[in-house]
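One-letter residues, chain by chain:
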Amino acid sequence: MAVKRIQNRVAESRLILPVTALLGGVLWLLCGLIQHGWWIQFVCYGLSTFIMMELNRSHALIRIYSRSVAVSFIVLTGVTCYLFPSLEAGITMLCLTASLLTLYKTFQDKAAVGWAFYTFLLLGLITLMKVHAFWLVPVYWLVMAFCLGSLGWRTFLGSLLGLILPYFYLAAIVFYRFKGDFKPFTDHFLPLTDFQFPYHYTQIPLQHILTYAFLLILSLTGIIHFLRTSYNDRLRIRLFYYSFMLIVLTMFVLIALQPQHFELFVQMAIIMTSPLIAHFIALTHTRITNIAFLVIVITAVALIGFHVWISSFTS
């Protein structure tokens, strides 16, 4: 029988989620929730956490009882606490998590037109705020084609309809507001042509560098662990985790190539890293992995403290 170490007791505890959620709320208070009135952002992150819980529950991402997916999500969003003031970041995170919940409901169902429509409708809403979210569209199609087996001509057409629906209404508003002048509408897409390469990497904030490095290490840890032990999981779960790997690695490449869009891509990286590192923490039980767990926790706390201090210092 496998020895239960600290990491396993934490991962399997029924108290860890409410305790982590409480500490997350305290972090929001320390960062200025009440002083600055970030209530909408706070609600968005709270709903995103609930969606991550539902994603884990409905698909049994961890084969034992564990709420470590949602706990990991709370901790990793805490590491990016400098994004708390951004209303766009809060809404984007909510739409991203919701889009993944609907995306995975298309699993092996090429007739799931409704779920495909809702998935890409949420992506379309994100592109209204951050037009570079269009780069996520082909990634979702790849996931549907190679991991979920749900990309057919019906779901493809449904996804296109969902993607363009927000722009149908936007075009009508622009037509009415600007008397038939569609220049404000077309100007929305111009940033897509602005691909800065090579990028002046000396301009990247230290906070972004530390967050990127931490998430990359966690993701690679989770990926290596899963590839070594994937035979223990059902085929369905393996395909889900392969999609997590595809998306998160794509996000890290996009951040490396275009770090000016860090805020958008790091949020998707957080969502995908959460189940990967949760799987590692919940389903390993050696002395080395226990030490790794403690190092991860200490590093996360240190990064959160550093980012809170930097944000307070520069404000």
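Before any of the text, the structure's been laid out above.
Not measured: the values here are computed from a predicted model. (Residues numbered from 1 in each chain as written. Predicted model: local features only at pLDDT ≥ 70, side-chain atom pairs only at ≥ 80, totals over all residues. Heavy atoms only, no water.)

### Focus on the packing of aromatic side chains
In the structure shown here, the tally under the stated rule is 21 aromatic pairs. Following the ring pairs from residue to residue traces out a cluster consisting of Y104, F107, F226, F240, Y241, Y242 and F244. If you follow R14 out to its NZ or CZ, it ends over the ring of Y65, 4.2 Å from the centre. Above the plane of the ring of W115 lies K105, whose end atom (NZ or CZ) is 5.5 Å from the centre. (Phe/Tyr/Trp six-rings, centres within 6.5 Å; stacked < 30°, edge-to-face > 60°. Lys NZ or Arg CZ within 6 Å of the ring centre and 35° of its normal.)

### Section: a nonpolar patch on the surface
There is a patch of nonpolar side chains on the surface, built from I6, L294 and I298 and spanning about 270 Å² of accessible area. Inspection of the secondary structure puts I298 in helix α14 (residues 287-314). For I298, a relative accessible area of 59% gives the class exposed. (Patch = residues over 30% accessible without salt bridge, like charges linked within 9 Å, V, L, I, M, F, W, Y side chains within 5 Å. Areas by Shrake-Rupley, 256 points an atom, 1.4 Å probe, with all protein chains shown as cover. Salt bridge = Lys/Arg side-chain N within 4 Å of Asp/Glu carboxyl O. Helix = DSSP H or I, 4+ residues; strand = E, 2+ residues; numbered from the N terminus. Buried < 20%, exposed > 50% of the residue type's maximum accessible area, 1.4 Å probe, protein only.)

### Digging into the packing of helix α6 (residues 87-103) against helix α13 (residues 262-283)
Across the interface, α6 lies against α13 with an axial gap of 10 Å and an inter-helix angle of 40 degrees. Comparing their axes, α13 and α6 come out oblique. Considering how the two elements wind past one another, α6 and α13 form a crossing that is right-handed. Contacts from E88, A89, G90, T92, M93, L96, T97 and L100 of α6 reach α13 at E263, L264, Q267, M268, I271 and M272. Considered class by class, the residues forming the contact of α6 with α13 number eight nonpolar, four polar and two charged. (Axes fitted to C-alpha atoms, helices over the stretch in contact; angles between N-to-C directions. Parallel < 35°, antiparallel > 145°, perpendicular 65-115°, else oblique. Left-handed = near helix turned anticlockwise from the far one by under 90°. Contact = heavy atoms within 4.5 Å. Nonpolar A, V, L, I, M, F, W, Y, C, P; charged D, E, K, R; others polar.)

### So, unusual backbone geometry
You will see that A60, though not glycine, has its phi angle at about 50 degrees, which is positive. Its location among the elements puts A60 in the loop between α4 (39-59) and α5 (68-79). By relative accessible area, which is 33% here, A60 ends up partly exposed. Residue Q108 is not a glycine yet carries a positive backbone phi of 55 degrees. When you line up the elements, Q108 lands in the loop between α6 and α7 (113-129). On the basis of relative accessible area, Q108 is assigned to the exposed category, the value being 55%.

Purely geometric numbers; function is a separate question.
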